[in-house]
Amino acid sequence: MELRQLTYFVAVAEELHFGRAAARVHIAQPALSTQIQALERELGVQLFVRSTRRVELTVAGETFYNRCVRILSDIDMRAQATRSAAGKTVRKIRIGTIYPATIGVLPAFLSKIAKKYPDIQLQIQSGSTSDIIRGLESGQINLGFIRPVENIGSLRFFSMANDEYLLAVARDSRLAAMAEISIEDLRDQKIISFSRQNLSYTERYFAEMFAEHDLARNIAYSCDDTFALISLVSAGLGIGFAPQWTRDFPNRNFELRKVRGVDFRIGMGVAWNMEDPTASRDDIIDIARSLVRHQRHPSGELSRYGSSNSAGAKASSDH
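Described in the following lines is the structure provided in the data block. Being a predicted model, the structure only gives us computed values, none of them experimental.

### Let's talk about unusual backbone geometry
Here the phi dihedral of His26 falls at roughly 65°; this positive angle occurs in a residue that is not glycine. In this structure, His26 sits in the loop between α2 (18-25) and α3 (29-43). We note that Asp214 has phi near 60°; this positive angle belongs to a residue other than glycine. Mapped onto the fold, Asp214 is located in the loop between α8 (201-212) and β8 (219-223). Residue classification places Asp214 among the partly exposed residues on the basis of a relative accessible area of 43%.

### Section: the nonpolar core
Of all hydrophobic cores here, the largest spans 33 residues; its most connected members are Phe109, Phe145 and Val270. Among the elements of the structure, β3 (92-97), α6 (106-116), α7 (129-138), β5 (143-146), β6 (155-170), β11 (265-273) and α11 (284-289) are those that each provide at least two residues to this core. Residue contributions to this core peak at 5 residues, all from β6. Contact partners of Val270, with chain neighbours within four places excluded, come to Leu143, Gly144, Phe145, Arg156, Phe157, Phe158, Met160, Ile285 and Ala288.

### Overview of α2
Regarding α2, the residues found buried are Phe18, Ala21, Ala22 and Val25. Mapping the buried residues of α2 onto a view down its axis gives an arc of 100°, with all of them on the same face. Taken together, the buried residues of α2 touch α1 (3-15), α3, β1 (48-50) and β2 (55-57). Count one or two residues on from α2 and you reach His26, which has phi positive near 65°.

### A few points about the pattern of salt bridges
Taken as a whole and assessed by the stated rule, the structure comprises 19 salt bridges. We note a salt bridge from Glu14 to Arg24, for which the minimum N-O separation is 2.5 Å. A residue pair is termed long-range when its members are at least 10 positions apart, and Glu14 in helix α1 and Arg24 in helix α2 qualify at 10 residues. On the basis of relative accessibility, which here comes to 37%, the residue Arg24 falls in the partly exposed class. Between Lys258 and Asp263 there is a salt bridge, with the nearest N and O atoms lying 3.7 Å from each other.

About the thresholds
Residues numbered from 1 in each chain as written. Predicted model: local features only at pLDDT ≥ 70, side-chain atom pairs only at ≥ 80, totals over all residues. Heavy atoms only, no water. Helix = DSSP H or I, 4+ residues; strand = E, 2+ residues; numbered from the N terminus. Buried < 20%, exposed > 50% of the residue type's maximum accessible area, 1.4 Å probe, protein only. Core = buried A, V, L, I, M, F, W, Y, C linked by side-chain atoms within 4.5 Å. Contact = heavy atoms within 4.5 Å. Arc of directions from axis to C-beta. Salt bridge = Lys/Arg side-chain N within 4 Å of Asp/Glu carboxyl O.

Here it is, written out as structure tokens:
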């Protein structure tokens, strides 16, 4: 089994198309097919189900793919470590980011990186916190902007900011004109909530709050993400709780209001793999730390799930 065969296999597994995979690894399609067939013979298992219309991974293929990704990422990481030990400059930084970071701290971070290291290639990919953590663990991502998680394993994490959740109301709503809103003011309102099979901490928090204040019966609409919630609010169909970063939406037709008794904030920070020399050298983490904004409660305490080392919710929202 050769290393190039693993590279070819990963390309086909990710593209699920021999033509695109062949172009990606710069070999002819018949040669790629021959290499995959030789790999299957050596392993004694079928890795792909092929038909005239589609290519799919078998169960054995999925298992082998996960292993290959780790092997190739580990080789790449070791190569980077070797270059680092020899004083070679990092050539590429692969950054994973959740949406709030994309419109928040990420632009400032990229600007500082580009100014200090103009020759570095920056590769950005969006995803959920769990996706980014898997990428960090496998070496496919060097640095990740994520929500806090309960168990981050061998990765390192520090908090950068906290998003406060406020009540989103249509601009022509009577609530938009109120200086102060209480829970009682919501009793005649239609509520827009989240409907997910595996609710994140954010969604669970509001579901429990609605139940506690006997507002669950007011839930008239449900959606899967913040963008959908804001669309429903803007259409005047109801109210819902949204993170403060939605205030920056262009041409918005809603307002954000504080509700007395509702004080929910959730953190966001940077995670990296200590074994990855790309993240731990060249002041990359120091640059991220320089962007930290300490958002505090009136009491002076850090906001909920804003600790500097890990934690917080087991599956925090990526909204």
